[in-house]
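Residue-level listing of the chains:
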Amino acid sequence: MRWAPLALILLSATCASAWAQSVALSGVAGGKALVVIDGAAPRFLSAGQSHQGVRVVSVQGESATVEVSGQKRLLRVGEAPVSVGSSGPSGDGAGQRIVLTADGQGHFMSSGLINGKTVQFMVDTGATNVILSEADAKRINLAFDKGQRVGVSTANGQVVGHMLRLQSVKLGDVQVYDVPAIVLPQAMPFVLLGNSFLTRFQMLRQNDQLTLERRY
């Protein structure tokens, strides 16, 4: 397995409602919010300014409040995007589509949840399963040592990992259940989002965007 240092994350995840928008805060500078809307290029907006139907209400420290269709949401730098403007409940895992934008090195990165605990993902179509380090597994309280011991070939040679099944994996409004994963002993800067998750979706890449559409 090979990976590069973490870079600026540009992510959007849209739910099934055509009226919902995915909004993330990539940074704050000079009292302006660097906002990513539906996976487009980030844009600086001052309090009171609007873009694509998203209005920045206020900017404070490392957070900003935005408003879409009368709904106000608090965004924090580095957190996963929120779905704003949906007529239905958000964050319930009922979403159908994930849209990721590549970072400067061509990697698709995303904050997300494993069993309700926050992790940092990198899409890896070459990985058969979701792959975590023991450090991440311990942090989110996975009982990986009870899993099946398996041999795994890595860039640093053969290692012994533990295979288990994750209760849930969630990106944005999209949640998948019962996902096979392997926990490895070596340190990793992020969780590899492998095919045990990706094959639940139809994948389409266009330029620097990757769209995952839920299969049925």
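Here the residue numbers are simple positions, counted from 1 along each chain's written sequence. Where totals are concerned, whole chains, interfaces and linings use all residues; where local detail is concerned, this predicted model gives features only for residues with pLDDT of at least 70, and gives and counts side-chain atom pairs only at 80 or more. Computation of side-chain values: all heavy atoms of the structure, hydrogens and water removed.

Under an unreviewed UniProt entry, the protein has the name TIGR02281 family clan AA aspartic protease and belongs to Hydrogenophaga bisanensis.

Asks: Would you mind going over the overall build of the protein in detail, with residue names and values included?
Replies: A tally of regular secondary structure across the protein gives two helices and 19 strands. Looking at the protein as a whole, 50% of its 216 residues are labelled buried. Put simply, of all contacts in the protein between residues at least 6 apart along the chain, 55% involve residues at least 24 apart. As displayed, the protein offers around 10400 Å² of accessible surface, 49% of which is attributable to carbon and sulfur atoms. By definition, any uninterrupted DSSP run of H or I lasting at least four residues is a helix, any uninterrupted run of E lasting at least two residues is a strand, and each is numbered from the N terminus. Throughout this description, buried means an accessible area under 20% of the type-specific maximum (1.4 Å probe, protein chains only), exposed means over 50%, and partly exposed covers the range between. Any two residues whose heavy atoms approach within 4.5 Å are treated as being in contact. Residue burial considers only the protein chains on display, and all accessible areas are found by Shrake-Rupley using a 1.4 Å probe.

Asks: Tell me what's going on with the sheet that holds strand β7 (residues 63–68), and back it up with residues and numbers.
Replies: Between any two strands, at least two bridges found by DSSP are needed for them to pair. Read from one edge to the other, the open sheet built from four strands follows the order β5-β6-β7-β8, with strand pairing classed as antiparallel. Looking at which strands have only one partner, the edges of the open sheet turn out to be β5 (50–51) and β8 (71–76).

Asks: Let's hear about the nonpolar core: which residues, and what values?
Replies: Counting residues in hydrophobic clusters, the biggest one holds 30 residues, and the most contacted among them are Ile-114, Val-130, Leu-132, Val-169, Leu-193 and Phe-197. Those elements that place two or more of their residues in this core are β10 (97–101), β12 (117–123), β13 (130–133), β15 (157–171), β16 (174–184), β17 (191–193), α2 (195–198) and β19 (209–214). Ranked by the residues each element gives to this core, the list is headed by β16, at five residues. Only buried residues count toward a nonpolar core. Its members are Ala, Val, Leu, Ile, Met, Phe, Trp, Tyr and Cys residues joined through side-chain atoms within 4.5 Å.

Asks: I'd like to hear about the pairing of β7, residue by residue, with values.
Replies: Burial within β7 is extensive, with six of its six residues counted as buried. Residues of β7 alternate between two faces, with Ser-63, Thr-65 and Glu-67 on one and Ala-64, Val-66 and Val-68 on the opposite face, all of them buried. Pairing of strand β6 (residues 54–60) with β7, which is carried by five bridges, proceeds in the antiparallel orientation. Residue pairing in the sheet places Val-59 in a bridge with Ala-64 of β7.

Asks: Tell me about the environment of Asn-195, and name the residues and values.
Replies: Tracing the sequence through the fold places Asn-195 in helix α2. A relative accessible area of 21% places Asn-195 in the partly exposed class. Considering only alpha carbons, one finds Asn-195 and Val-179, 16 residues apart in sequence, at a separation of 9.7 Å. Apart from the residues within four sequence positions on either side, Asn-195 is in contact with Asp-124, Thr-125, Ala-127, Thr-128 and Asn-129.

Asks: Hey, could you go over the side chain of Ser-63 for me, with residue numbers and the actual values?
Replies: Relative to the assigned elements, Ser-63 resides in strand β7. Side-chain atoms alone can form a polar contact between residues adjacent in sequence; in general such a contact is a pair of N or O atoms within 3.5 Å, and within protein one must be able to donate a hydrogen while the other accepts it. At a separation of 2.9 Å, a polar atom in the side chain of Ser-63 contacts the main-chain carbonyl oxygen of Gln-60. Filtering out sequence-adjacent residues up to four positions away, Ser-63 remains in contact with Leu-25, Val-28, Leu-74, Leu-75 and Arg-76.

Asks: Explain the pattern of salt bridges to me, using residue names and the numbers behind them.
Replies: Where charged atoms of side chains with opposite charge meet at close range, the side chains can pair. A carboxyl oxygen of Asp or Glu within 4 Å of a side-chain nitrogen of Lys or Arg is what we treat as a salt bridge. If you walk through the whole model with that rule in mind, you get four salt bridges. Where Glu-67 meets Arg-55, a salt bridge forms, and the shortest distance between an N and an O atom there is 2.6 Å. Within this pair, whereas Glu-67 is found in strand β7, its partner Arg-55 is found in strand β6, the two being separated by twelve residues in sequence. Accessibility expressed as a relative area gives 31% for Arg-55, which makes it partly exposed. For Asp-178, the salt bridge identified is with Arg-165, shortest N-O distance 2.7 Å. Of the two residues, Asp-178 sits in strand β16 while Arg-165 sits in strand β15, which places them 13 residues apart along the sequence. You can call Arg-165 exposed: its relative accessible area is 52%.

Asks: So what's going on with the confidence of the model for the protein? Which residues, and what values?
Replies: What pLDDT expresses is the predictor's confidence in each residue, scored from 0 to 100. Scored by pLDDT, the protein has a mean of 80; 81% of the residues are at 70 or more. Per-residue pLDDT, averaged within each element of the protein, yields its smallest value for strand β1 (residues 10–12) (27) and its largest for β17 (95). Scored below 50 in pLDDT, residues 1–19 makes 68 contacts in the model with residues more than four places away or belonging to other chains. Counting interchain partners and residues more than four positions distant, the pLDDT-below-50 stretch residues 86–92 has eleven contacts.

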